[in-house]
Amino acid sequence: MTTAIRQIHPVFVGEVSGVDLTLPLSRDEVAAIEAGMDRYAVLVFHDQKITDEQQMAFSQNFGKLEDARGGNITKPEDKRLQVGMNDVSNLGKDGRPLPRDSRERAFNLGNMLWHSDSSFRPIPAKYSLLSARVVNPVGGNTEFADMRAAYDALDAATKAEIEALVCEHSLMYSRGSLGMLDYSDEERAMFKPVRQRLVRTHPVTGRKSLYLSSHAGAIVGLPTAEARILLRDLNEHATRPAFVYVHRWRPWDLVMWDNRQMMHRVRRYDDTQPRDMRRTTVAGAVAATYLGGPDMAPQTPQAARSAPA
Ligand code: OGA
Ligand code: MN
């Protein structure tokens, strides 16, 4: 089989054919997919009936899997899936939809805000790979926005204004915007804000993109209100329909995206019915976004405590 990629959106997104993700990939297939990611930033694979093990094996062609700890409030003993798998379903360990008033469910609803995976980690995500095992009957589309196209479309003055800005990202900012303001001390320590540049340069293509995410809640050196207005403006600009692809899931689709140049969100769905989506995450590189040096040191716990205002 030869791997072929067809662009399915005017700006980005490729649909891949001729590859079977249940099998080990050849070096040429891996190279074709990586080149496709650099170019299209989102790749769609249909009819991939994979197991969790096969999904992890496929993902590891592109780098190390991210350590999922610190990315949610679900206790290890309550996890439905094995280590290495991110559970982005609406299901509890018993396989049933989480109760409406559950804290885990509220936390998971944060995926409905535009974000880039793990932008709240010192080493944020490179690729995410999401496999649809059970598709919800109503809604639940996943949308992707191209942060390269969004950057390119900014005027020169805005590009200059934001070039050197550094944002602070934390799960407490994204969840705080949904009214989740109560965290244990352990959670506060785990969700301590990290600093990321607002403008990123892709390590392979050299293209610049806006590194936006619902987790970004402050900009170093700017008053909070001013920072949030700027971020809101940029988010509005970056998620205009021209830059957005809407994925309507079929069972056994696998969609893979480059978090360094994309934002995504899931839309509302019928939460009384299952939606079983399983993600693997390939870790990125620290040097790409994190700025070292004395004035870039991580925040004090004090500052972190007042974070989700
Ligand atoms: C994710 C995510 C979207 C979805 O997997 O990172 O945000 O469609 N999920 O569930
Ligand atoms: Mn996500």
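Refer to the preceding data block for the structure.
As the structure is a computational prediction, the values presented were derived from the model and not from experiment. (Residues numbered from 1 in each chain as written. Chains lettered and ligands numbered in written order. Predicted model: local features only at pLDDT ≥ 70, side-chain atom pairs only at ≥ 80, totals over all residues. Heavy atoms only, no water.)

### Regarding the overall build of the protein
Each helix and strand counted, the protein has nine helices and 15 strands in total. Whereas a compact globule of 309 residues would reach a radius of gyration of roughly 19 Å, the protein reaches 19 Å, a difference of no more than 12%. Principal axes of the C-alpha set define a box for the protein whose edges measure 55 × 45 × 35 Å. In the protein, which comprises 309 residues, the proportion classed as buried is 52%. When contacts within the protein are restricted to residue pairs at least 6 apart in sequence, those whose partners lie at least 24 apart make up 83%. Here the protein displays about 14200 Å² of accessible surface, and carbon together with sulfur accounts for 53% of that area. Mean positive and mean negative side-chain charge positions of the protein (40 and 38 charges, respectively) differ by 1 Å. (Helix = DSSP H or I, 4+ residues; strand = E, 2+ residues; numbered from the N terminus. Rg over C-alpha atoms; globule rule 2.2 N^0.38 Å. Buried < 20%, exposed > 50% of the residue type's maximum accessible area, 1.4 Å probe, protein only. Contact = heavy atoms within 4.5 Å. Areas by Shrake-Rupley, 256 points an atom, 1.4 Å probe, with all protein chains shown as cover. Lys, Arg positive; Asp, Glu negative; His and termini not counted. Charge placed at Lys NZ, Arg CZ, Asp CG, Glu CD.)

### Here we look at the layout of surface pockets
In this structure, the largest pocket spans a volume of roughly 800 Å³. Considering the residues around the largest pocket, the lining is formed by 38 residues, among which N72, T74, K79, N86 and D87 are closest to the centre. With three residues, helix α3 (residues 103–108) is the single largest residue contributor to the lining of the largest pocket. Grouping the constituent residues of the lining of the largest pocket by class yields 12 nonpolar, 13 polar and 13 charged. Reported here for the second largest pocket is a volume of approximately 430 Å³. (1 Å grid on protein atoms, 1.4 Å probe; cavity = no way out; pocket = protein on both sides within 12 Å on 5 of 7 lines; lining within 4 Å. Points joined across faces, edges and corners; volume = space filled by probe spheres on them. Nonpolar A, V, L, I, M, F, W, Y, C, P; charged D, E, K, R; others polar.)

### Quick notes on the pattern of salt bridges
Under the definition given, this model contains 20 salt bridges. One salt bridge in this structure joins D87 and R80, with 2.9 Å as the shortest N-O distance. With relative accessibility at 26%, the residue D87 sits in the partly exposed group. The structure contains a network of salt bridges with shared partners spanning D52, R80, D87, R133, D276 and R278. (Salt bridge = Lys/Arg side-chain N within 4 Å of Asp/Glu carboxyl O.)

### Digging into empty space enclosed by the protein
Following the criterion strictly, the structure yields two cavities of 30 Å³ or more and no others. In this structure, the largest cavity spans a volume of roughly 230 Å³. Along the walls of the largest cavity sit 21 residues, with V88, N108, N111, V266 and R275 positioned nearest its centre. Secondary-structure elements contributing two or more residues to the lining of the largest cavity are α3 and β14 (262–266). Approximately 40 Å³ is the volume found for the second largest cavity. Every residue along the wall of the second largest cavity is listed here: R200, T201, H202, P203, R207, S209, R260 and Q261.

### Looking at the coordination of the manganese ion (ligand 2)
Coordination sphere of the manganese ion (ligand 2), protein contribution only: H115 (NE2), D117 (OD) and H264 (NE2), at 2.1 Å. Mapping the donors of the manganese ion (ligand 2) onto the primary sequence gives the spacing H-x1-D-x146-H. One end of the pair, D117, is in the loop between α3 and β5 (125–134); the other, H264, is in strand β14, and 147 residues separate them in sequence. Residue D117 shares its accessibility class with H264, and that shared class is buried. (Donors = N, O, S within 2.8 Å, 3.2 Å for Na, K, Ca; no water.)

### What about the sheet that holds strand β6 (residues 142–146)?
Reading across the sheet, the three strands line up as β12-β6-β14 and stay open at both edges, with antiparallel pairing between neighbours. Of all the strands in the sheet, just β12 (244–247) and β14 have a single pairing partner and so form its edges. Geometrically, the sheet is characterised by an average inter-axis angle of 20° between neighbouring strands, direction not taken into account. Taken together, the five bridges between β6 and β14 define a ladder with antiparallel strand orientation. From the neighbouring strand, E143 faces β14, where its bridge partner is R265. (Pairing = 2+ DSSP bridges. Axes fitted to C-alpha atoms, helices over the stretch in contact; angles between N-to-C directions.)

### A closer look at the site of ligand 1
As a matter of local geometry, ligand 1 sits amid V88, N111, H115, D117, L130, T142, W257, H264, V266, R275 and R279. One of the side-chain N or O atoms of R275 is found 2.8 Å from an oxygen atom in ligand 1. A distance of 2.6 Å separates an oxygen atom of ligand 1 from a polar atom in the side chain of R279. Taken by itself ligand 1 offers 290 Å² of open surface, and the protein chains cover 99% of this. With respect to the detected pockets, ligand 1 is housed in the largest cavity. Here the shell around ligand 1 is composed, by residue class, of four nonpolar, four polar and three charged. (Near = heavy atom within 4 Å. Polar contact = N/O pair within 3.5 Å; in protein donor to acceptor, adjacent residues only side chain to side chain. Sits in = over half its atoms within 2 Å of the grid points.)

### Considering the side chain of H115
Position of H115 among the secondary structure elements: in the loop between α3 and β5. Polar side-chain contacts of H115 include one of 2.8 Å to the backbone oxygen of L113. Within the structure, the side chain of H115 is placed 2.9 Å from the side chain of H264, a separation counted as a polar contact. Beyond its immediate sequence surroundings of up to four residues, H115 is in contact with G110, S213, S214, H215, M262, M263, H264 and R265.

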